[in-house]
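So you can see what is in the structure, the chains are spelled out below.
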Amino acid sequence: MIVGIDLGTTNSLVGVFDGGFVSLIADEAGQRLTPSVVHFPVEGVPLVGRPAQRLRVLSPERTVFSSKRFMGRRVGEEAAQMPYQLVGNKGAPVMFGLGDNRVAPENVAAEILRKLKQDAERALGESVTKAVVTVPAYFNDAQRGATKLAGELAGLDVVRILNEPTAAALAYGMDRRPESTRIAVYDFGGGTFDVSILELQGGVFQVLSTNGNTRLGGDDIDSALVDYVETQLGLSVSTPTARARLLEALVAAKHSLSEAEEVSVSLPFLDGLDSPEVLLSRTVLEIVARPWVEKTRGHCLRALSDAHLKVEDIAEVILVGGSTRMPLVRQFVAEVFQREPDCSRNPDEAVAEGAALQGAILDGKLQNVVLLDVTPLSLGIETFGGLMNVILPRNSTIPCKAGEMFTNALPGQRSMLVRVLQGERELADANWELGRFEIPFTPLPKGQARVGVQFEIDANGILKVLARDTTTGKEQVVDMRSAVDVSDEAVEKMLEDALEHAFDDMNQRAFTEAKLKAQEMLPSVAKALGLAGDSLDADERERIERGVRDVQDALRGEGAELLKRSVAELDDATQRLAAVLMERAMRR
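What you are looking at is a predicted structure, and each value in this text was computed from that prediction instead of being measured.

**Student:** What should I look at first to understand the overall build of the chain in this one?
**Tutor:** A tally of helices and strands in the chain yields 14 helices and 28 strands. Put simply, the chain has 588 residues, and 52% of those count as buried. Considering only contacts within the chain whose residues lie at least 6 apart along the sequence, 65% involve residues at least 24 apart. Per element, the accessible surface of the chain, about 26100 Å² overall, is 49% carbon and sulfur. Of the side chains in the chain, 65 bear a positive and 86 a negative charge, and the two mean positions are spaced by 5 Å.

Here you go:
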């Protein structure tokens, strides 16, 4: 039996499709939601879920929560916000410092997955070894690879990494719509946000576009609420335990304010002496939360733009993630998409239900449903001149495979450096390097070697790159899944920069391509003039030499159009010269 698991930032769930419907599995206490919290005691085995949640206040420095935000990441901006320690220099792989031990985020996730596996085995009465695990649609290769590794550490064969919005659409029963329907899935969870636009027709789910930020979620609203209360009350919460208590009380108040207009928060002996009490209203909460909710607007608009759709083309909007329980979020979504969102499903459970359905599809228990996800950023390699050659464009439907043939840029070249890039800029150095490797080939004259480069993204979104010398058959296959590590802020900045610098980038690309052509052409023209001798009259020779000077002058500038025009004029001026040399060669 293949179980479906929603490995969430705040809570995790496990479900299974059995007897014609999805069952979400409860733990020993009868709770379906398992808090994504792990406590690492000084001695003994880690505690997971509610027992760990209770120790979050008593022993915050040894209790890890929101670890999903660090999956496949490096030490970054959240370090100051966490009561537990992030060890290592900024930019190094994230490790949690728990006393004398160092624990990786994958190990924390593995403890959560192991707990869910045990709950499922107890409920089903059989061994569970296979699972579909969901991730945010905007998770990159490193984050997906870390999730898969966590499953392996927990004793699970992760048969599919499934994007959360796609899972949610399955749970909402969108596969049962007979007509073609376009929907938006707005997924605002505890630690991540993404939005996806899907087209559904006859059981086929095709993701048209996806956008998001894996460092934006309810956790940010919680932190902002703590800062607000500290400022308003003039509190100085200096100890991790006091801050953990304050955070726990305010999170509970936030949940209550989804129904109530105001709530009283009591904090007995918060600092050991004073016992402050706060009257928190929904209005105040919405003032604090609005900047974070507003950040999702740009992602929604970009997703629509990437799908080449307008708001009125969207038939339904479905909500996923605990943060969508807030009335502010539901009002905001209605405003952005100009329609009331569908709130018919439990937003905490929809993703796990969809994962269980995907498990049933893979297991052959559900027929006539196909899921087609997309890759969120373009992938390619650097070519001669420092340009990015896109092999798999952004929003390509996965699984997918594409390749191109490349040749040697220099005579006698013995190898080609394959530099794998991810991004949306025209110039290689403006994109992110996922990795690099060399493929050797037989030295040949310029332009005669042939190297095939193929990119393949599997159903889990993991990238593999193959390079093969077509002459010798020698090849290299490199798995890039743990090579990329970029923040979502950087992803967003790249998309914005690509838009802002589109004209300059295209001009630079056009200039570089014209420059390469000119640099190849000038020596050839000089050699041809020497071979022509007196076959050209003075006017023809002067026209060609003038064209050469124009190209040389244009090369010293940065104008692509001038250089292209100069190269074209020189090409036109040398037409008779080429014909003369060709005729002479044929006579020989």
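That was the structure; now back to the text.
**Student:** Teacher, can you tell me more about the pattern of salt bridges here?
**Tutor:** Opposite charge on two side chains permits pairing when their charged atoms draw close. What the rule picks out here adds up to 25 salt bridges. Salt-bridge contacts for D348 lead to R325; the nearest nitrogen and oxygen are separated by 2.7 Å. Of this pair, D348 sits in the loop between α8 (327-337) and α9 (350-362) while R325 sits in the loop between β18 (316-320) and α8, and the two are 23 residues apart along the sequence. A salt bridge links R549 to E542; the nearest nitrogen and oxygen atoms lie 3.2 Å apart.

**Student:** Honestly, the sheet that holds strand β24 (residues 415-422) in this entry has me stumped. Any pointers?
**Tutor:** Read from one edge to the other, the open sheet built from 4 strands follows the order β21-β20-β24-β25, with strand pairing classed as antiparallel. The sheet is open, and its two borders are formed by β21 (387-392) and β25 (432-440), each paired with just one other strand. Adjacent strand axes in the sheet meet at a mean angle of 30°, parallel and antiparallel pairs treated alike. The sheet contact formed by strand β20 (residues 379-383) and β21 spans 5 bridges and is antiparallel. Looking across to β21, one finds that G380 is bridged to V390.

**Student:** Help me understand the confidence of the model for the chain in this model?
**Tutor:** Regions with low pLDDT should not have their predicted coordinates read in detail. Looking at the chain, the pLDDT average stands at 83 and 92% of residues meet or exceed 70. Low confidence marks residues 481-486, where pLDDT is under 50. Its contacts with residues over four positions away, or in another chain, come to 20 contacts.

**Student:** Is there a simple way to explain the packing of aromatic side chains in this structure?
**Tutor:** How two aromatic rings sit relative to each other is set out by the distance from centre to centre and by the angle between their planes. Using the criterion set out here, one finds 6 aromatic pairs in the structure. Ring centres of F65 and Y84 lie 5.5 Å apart, and the angle between their planes is 80°; on these two criteria the pair is classed as edge-to-face. Of this pair, F65 sits in strand β7 (residues 63-65) while Y84 sits in the loop between β7 and β8 (85-87), placing them 19 residues apart in sequence. Residue F65 shares its accessibility class with Y84, and that shared class is buried.

**Student:** Sorry if this is basic, but what is going on with helix α11 (residues 502-532) here?
**Tutor:** Given 3.6 residues to a turn, an α-helix orients residues that are three or four positions apart in the same direction. Between the first and last C-alpha of α11 there are 44 Å, a value that for 31 residues agrees with the 45 Å anticipated at 1.5 Å per step. G533 sits one or two residues past α11 and shows a positive phi near 60°.

**Student:** Would you mind showing me how to read the side chain of D27 here?
**Tutor:** With respect to the helices, strands and loops of the structure, D27 is situated in the loop between β3 (21-24) and β4 (34-35). Judged by relative accessible area, D27 falls into the buried class, the value being 12%. A polar contact is formed between the side chain of D27 and the backbone nitrogen of A29, at a distance of 2.9 Å. Among all residues touching D27, those that are not within four sequence positions of it are R50, K115, D119 and R122.

**Student:** Where do I start with helix α4 (residues 164-171) in this structure?
**Tutor:** When you tally the buried positions in α4, you get 8 out of 8 residues, the bulk of the element. Buried within α4 we find E164, P165, T166, A167, A168, A169, L170 and A171. Taken from the residues just after α4, G173 is the one with a positive phi, measuring 75°.

**Student:** Could you clarify how one ought to interpret the pairing of β24 in this entry?
**Tutor:** Burial runs high along β24: 6 of the 8 residues are buried. Looking at chain direction, β20 and β24 are connected through 3 bridges and run antiparallel. When the bridges of β24 are listed, G380 appears paired with L421.

**Student:** What is the right way to read the packing of helix α5 (residues 218-233) against helix α6 (residues 240-256) from this model?
**Tutor:** Two elements in contact, α5 and α6, have axes whose closest approach is 10 Å; the angle formed by their N-to-C orientations is 110°. When the axis of α5 is compared with that of α6, the two are roughly perpendicular. As for how α5 packs across α6, the hand of that crossing is right-handed. On the side of α5, the interface is formed by G218, I221, D222, S223, L225, V226, D227, V229 and E230, while α6 contributes R243, L246, L247, L250, V251 and K254. Looking at the contact of α5 with α6 residue by residue, the classes come out as 8 nonpolar, 2 polar and 5 charged.

**Student:** It is not clear to me how the sheet that holds strand β26 (residues 451-457) should be interpreted in this structure. Could you clarify?
**Tutor:** Strand pairing in a sheet relies on backbone hydrogen bonds, with the paired strands running either antiparallel or parallel. Pairing is antiparallel in the open sheet, where 4 strands are placed in the order β23-β26-β27-β28. The outermost strands of the open sheet, each flanked by one partner alone, are β23 (400-406) and β28 (475-479). When strand polarity is set aside, the average angle formed by the axes of neighbouring strands in this sheet is 15°. Note that β23 and β26 share 7 bridges and pair antiparallel. The residue of β26 that forms the bridge with F406 is V451.

**Student:** Before we go on, may I ask you to explain unusual backbone geometry in this structure?
**Tutor:** Outside of glycine, negative phi angles account for most residues, and trans bonds account for most peptide bonds. Residues other than glycine seldom take positive phi values, yet S66 does so here, at roughly 55°. With respect to the secondary-structure elements, S66 resides in the loop between β7 and β8. Unusually for a residue other than glycine, H308 sits at a positive phi of about 60°. Here H308 is to be found in the loop between α7 (282-306) and β18.

**Student:** Can you walk me through the nonpolar core in this structure?
**Tutor:** When a protein is soluble and globular, its nonpolar side chains tend to lie buried together. Among the nonpolar cores identified, the biggest contains 43 residues, and Y186, F188, I197, L250 and F337 are the most heavily contacted of them. With 7 residues, the single largest contributor to this core is α7. Formed by 41 residues, the second largest nonpolar core is a distinct cluster that contains V48, Y84, L86 and A150.

**Student:** Sorry, what's going on with the environment of P83 here?
**Tutor:** Structurally, the position occupied by P83 is in the loop between β7 and β8. Given the relative accessible area of 24%, P83 is considered partly exposed. The spatial distance from the C-alpha of P83 to the C-alpha of V42 is 17 Å, given a sequence separation of 41 residues. Each residue touching P83, except ones within four places of it in the same chain, is listed here: P60, E61, F65 and P240.

Rules and cut-offs
- Residues numbered from 1 in each chain as written.
- Predicted model: local features only at pLDDT ≥ 70, side-chain atom pairs only at ≥ 80, totals over all residues.
- Heavy atoms only, no water.
- Helix = DSSP H or I, 4+ residues; strand = E, 2+ residues; numbered from the N terminus.
- Buried < 20%, exposed > 50% of the residue type's maximum accessible area, 1.4 Å probe, protein only.
- Contact = heavy atoms within 4.5 Å.
- Areas by Shrake-Rupley, 256 points an atom, 1.4 Å probe, with all protein chains shown as cover.
- Lys, Arg positive; Asp, Glu negative; His and termini not counted.
- Charge placed at Lys NZ, Arg CZ, Asp CG, Glu CD.
- Salt bridge = Lys/Arg side-chain N within 4 Å of Asp/Glu carboxyl O.
- Pairing = 2+ DSSP bridges.
- Axes fitted to C-alpha atoms, helices over the stretch in contact; angles between N-to-C directions.
- pLDDT = per-residue confidence, 0-100.
- Phe/Tyr/Trp six-rings, centres within 6.5 Å; stacked < 30°, edge-to-face > 60°.
- Expected span 1.5 Å × (residues − 1).
- Polar contact = N/O pair within 3.5 Å; in protein donor to acceptor, adjacent residues only side chain to side chain.
- Parallel < 35°, antiparallel > 145°, perpendicular 65-115°, else oblique.
- Left-handed = near helix turned anticlockwise from the far one by under 90°.
- Nonpolar A, V, L, I, M, F, W, Y, C, P; charged D, E, K, R; others polar.
- Core = buried A, V, L, I, M, F, W, Y, C linked by side-chain atoms within 4.5 Å.

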